[in-house]
Amino acid sequence: SKKAFIFDLDGVIVDTAKYHFLAWQKLAQELGIEFTPEHNEELKGVSRVRSLEIILALGNVTATDAEKEQWLYQKNQDYLAYIENMDASEILPGVLPILEYIKAKGQWIALGSASKNARPILEKVNIMHLFDAIVDGNDVSNAKPDPEVFVRAAQLLGATNENAIVFEDSVAGIQAANIAHMTSIGIGDAKILHEAQFNFNDFTFIEPSFIDSLLN
Ligand code: G6P
Ligand code: MG
């Protein structure tokens, strides 16, 4: 039966994970909190609010709700400045051919992202038309590793969780897919994403025959 191929956005389809990192790092620096690329792995796939909580906990910083609101706003403004002039050249290598192959095979394609900026980004890089369903940070209340974002995407398409395949660059996202009994495919460092059922460094390593093997 028809499968639902669910894609995370940041760090899977587009190279925006680096911009989230830079924007968080700037804030952490201003707050005097040490924030390394290793710390950043914990933030991938995680909501904006939860990300700030993790950073503040790293520095043992307590803050009022008003301060937190201000910092979340500031981080997003910095992030928006980074992505302002984004175009199709920031689609990660190998992603477009795979999206088009899945489409040509008559399968479903969905977005499952924690980002509230997901839709404008899909428009900027001109791939909105490839998606049969979009679920993003505006649609869900539970952040990954809660599987809500992926379960909602599968439901919108009328697919069972078992017929859903998730592409993720974050530990939290792989855990979410596994919790929902979806097929989990890690994109990135296999050591970090060791909980994934399959792992590829990037989409250039994914052959059409691998996609075919998921259709049986
Ligand atoms: C994705 C990214 C995270 C980001 C989150 C929220 O999951 O991996 O780094 O914090 O989305 O994104 P937003 O654009 O709403 O701040
Ligand atoms: Mg991601």
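Parameters at a glance
Residues numbered from 1 in each chain as written. Chains lettered and ligands numbered in written order. Predicted model: local features only at pLDDT ≥ 70, side-chain atom pairs only at ≥ 80, totals over all residues. Core = buried A, V, L, I, M, F, W, Y, C linked by C-beta atoms within 7 Å. Buried ≥ 20, exposed ≤ 12 C-beta atoms within 10 Å, placed from the backbone. Helix = DSSP H or I, 4+ residues; strand = E, 2+ residues; numbered from the N terminus. Contact = placed C-beta atoms within 7 Å. pLDDT = per-residue confidence, 0-100. UniProt positions renumbered as here; feature names shortened; annotations may be inferred.

Undergrad: How should I be thinking about the nonpolar core in this particular structure?
TA: Generally speaking, nonpolar side chains in soluble globular proteins are found buried as a group. Counting 57 residues, the largest nonpolar core has Ala4, Ile6, Ala110, Phe150, Ala153, Ala164 and Val166 as the members making the most contacts within it. Top element by residues in this core is helix H7 (residues 148-157). It accounts for six residues. Alanine 110 has contacts with Ala4, Ile6, Phe131, Asp132, Ala133, Ile134, Val135, Ala153 and Leu157, leaving out every residue within four places of it along the chain.

Undergrad: Honestly, the confidence of the model for the chain in this entry has me stumped. Any pointers?
TA: Any segment with low pLDDT has predicted coordinates that should not be analysed in fine detail. Taken residue by residue, the chain gives an average pLDDT of 97. The fraction at 70 or more is 100%. Both confidence scores are given for the complex: pTM 0.95, ipTM 0.98.

Undergrad: Looking at this model, I keep getting lost on the UniProt feature "active site" (unreviewed entry) in the chain. Mind explaining?
TA: Mapped onto the present numbering, the UniProt feature "active site" (unreviewed entry) falls at Asp8 and Asp10. Turning to its location among the elements, aspartate 8 is positioned in the loop between strand S1 (4-7) and helix H1 (17-30). Examined against the element boundaries, aspartate 10 turns out to sit in the loop between S1 and H1. Residue classification places aspartate 10 among the buried positions, given that 23 C-beta atoms sit within 10 Å. Beyond its immediate sequence surroundings of up to four residues, aspartate 10 is in contact with Thr16, Ala17, His20, Ser113 and Ser115.

Undergrad: For this particular structure, what's the right way to read the UniProt feature "binding site: Mg(2+)" (unreviewed entry) in the chain?
TA: In the numbering adopted here, UniProt assigns the feature "binding site: Mg(2+)" (unreviewed entry) to Asp8, Asp10, Glu168 and Asp169. Across 162 residues, the annotated set stays spatially compact, with a maximum C-alpha separation of 8.9 Å. Along the chain, the position of glutamate 168 falls in strand S4 (residues 164-168). Taking the number of C-beta atoms within 10 Å as the measure of exposure, glutamate 168 has 28 and is therefore buried. Once residues lying within four places of it in the same chain are set aside, the contact partners of glutamate 168 are Asp8, Val12, Gly45, Gly173, Ile174, Ala177, Ser184, Gly186 and Ile187. Relative to the elements of secondary structure, aspartate 169 occurs in the loop between S4 and helix H8 (171-179). On the basis of neighbour counts, which here come to 24 C-beta atoms within 10 Å, the residue aspartate 169 falls in the buried class.

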